[in-house]
Amino acid sequence: MTSTPAIPRHIAIVMDGNGRWARLRHRPRSFGHNAGRKAVREVVEGCLREGVEALTLFAFSSENWQRPEEEVGALMALFVRALDKETDELHDQGVRLRFVGDLAAFDAPLRERMLAAMARTAGNRRLNLNIAVNYGGRWDIVQAARAAAAAVLRGELRAEAIDEAELGRRMCLGELPPLDLFIRTGGECRLSNFLLWQAAYAELHFTDTLWPDFDQACLRRAIEDFGRRERRYGRTGDQVAATGNQG
Ligand code: IPE
Ligand code: IPE
Ligand code: MG
């Protein structure tokens with residue numbers, strides 16, 4: 001068998017299980033969200049160490065607005081605090097920060113912090129760190145379709161020329177390496193509307209570990225699991241053995 005390149009170029013993580021982690025400790029859910037910050041630092045460190053090119057973290061889904069107002073408020077306050085505290089260090093580490101999702105829904109102080117952090121780190125090359133906020137995979141497909149339709153109306157694109165490549169480059173993260181490894185913590189085996197288009201041929205890794213407990217050793221285990229996969233992209237195992245593992 002031709003071996004899969006050991007290190008995925010692009011990893012995405014559904015950071016799930018903060019609420020249950022807090023409940024186990026008889027603390028409010030927001031305590032779990034705060035504890036999750038350490039796990040974010042762990043995976044960023046791990047990706048820098050392993051030479052991963054892009055890391056995309058699901059921090060707040062378009063469906064999470066349905067949570068109690070108090071929890072949504074605590075999450076927004078956490079995002080502001082985290083941006084104020086972590087941006088300098090990420091910048092020093094050569095991390096390029098991007099926020100992906102419909103940012104128009106956030107109030108101005110938070111949105112401005114997001115835009116400022118993106119502008120400040122735009123020249124960094126060591127790791128692309130994408131934080132998905134108010135993101136939904138269906139929304140992403142819709143916004144790409146809308147952008148393609150607008151290009152047609154401007155006369156820059158023929159409708160017949162819209163193919164997977166044309167739509168794909170208008171999807172969030174379209175300019176980054178394809179998603180190789182999709183990790184979900186917290187034990188649920190579902191996508192929850194994250195990166196539906198981008199995950200088409202990602203390897204999926206589900207772990208029961210709750211997000212605040214996820215550390216560099218957990219990341220290493222996920223990467224080792226990825227390294228054992230045979231990515232066939234529709235071909236047979238024999239074909240893969242003869243021609244290599246890339247799609
Ligand atoms: C994930 O943890 C964080 C967000 C959705 C913001 P949860 O808050 O969903 O934790 P559980 O799934 O209830 O344990
Ligand atoms: C997905 O987790 C969203 C994030 C981790 C940000 P959820 O906890 O919201 O997903 P469901 O509700 O279990 O599908
Ligand atoms: Mg959850």
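Our subject in this report is the structure included herewith.

To continue, consider the environment of Leu-48. Along the chain, Leu-48 falls in helix H2 (residues 29-50). A relative accessible area of 12% means that Leu-48 is categorised as buried. Distance in space between the C-alpha atoms of Leu-48 and Leu-127 is 6.6 Å, their sequence separation being 79 residues.

Let's shift gears to the pattern of salt bridges. With the rule as written, the count across this model stands at 23 salt bridges. Close ionic contact of Arg-9 with Glu-53 constitutes a salt bridge, the shortest N to O distance being 2.7 Å. Placement of the pair is Arg-9 in the segment before strand S1 (10-14) and Glu-53 in the loop between H2 and strand S2 (54-61), with a sequence separation of 44 residues. By relative accessible area, Arg-9 is classed as partly exposed at 42%. Relative accessible area serves as the criterion here: at 31%, Glu-53 is assigned to the partly exposed category. Residue Arg-231 pairs with Asp-180 through a salt bridge whose shortest N-O separation is 2.9 Å. Here Asp-180 lies in the loop between helix H6 (164-168) and strand S5 (181-184) and Arg-231 lies in the loop between helix H7 (216-227) and helix H8 (237-243), a separation of 51 residues in the sequence. Relative accessible area serves as the criterion here: at 6%, Arg-231 is assigned to the buried category. Take Asp-180: its relative accessible area is 11%, and that puts it in the buried class. Each of Asp-16, Arg-20, Arg-184, Glu-188 and Arg-190 takes part in salt bridges that share partners, so that together they form one network.

Conventions used here
- Residues numbered from 1 in each chain as written.
- Chains lettered and ligands numbered in written order.
- Predicted model: local features only at pLDDT ≥ 70, side-chain atom pairs only at ≥ 80, totals over all residues.
- Heavy atoms only, no water.
- Helix = DSSP H or I, 4+ residues; strand = E, 2+ residues; numbered from the N terminus.
- Buried < 20%, exposed > 50% of the residue type's maximum accessible area, 1.4 Å probe, protein only.
- Salt bridge = Lys/Arg side-chain N within 4 Å of Asp/Glu carboxyl O.

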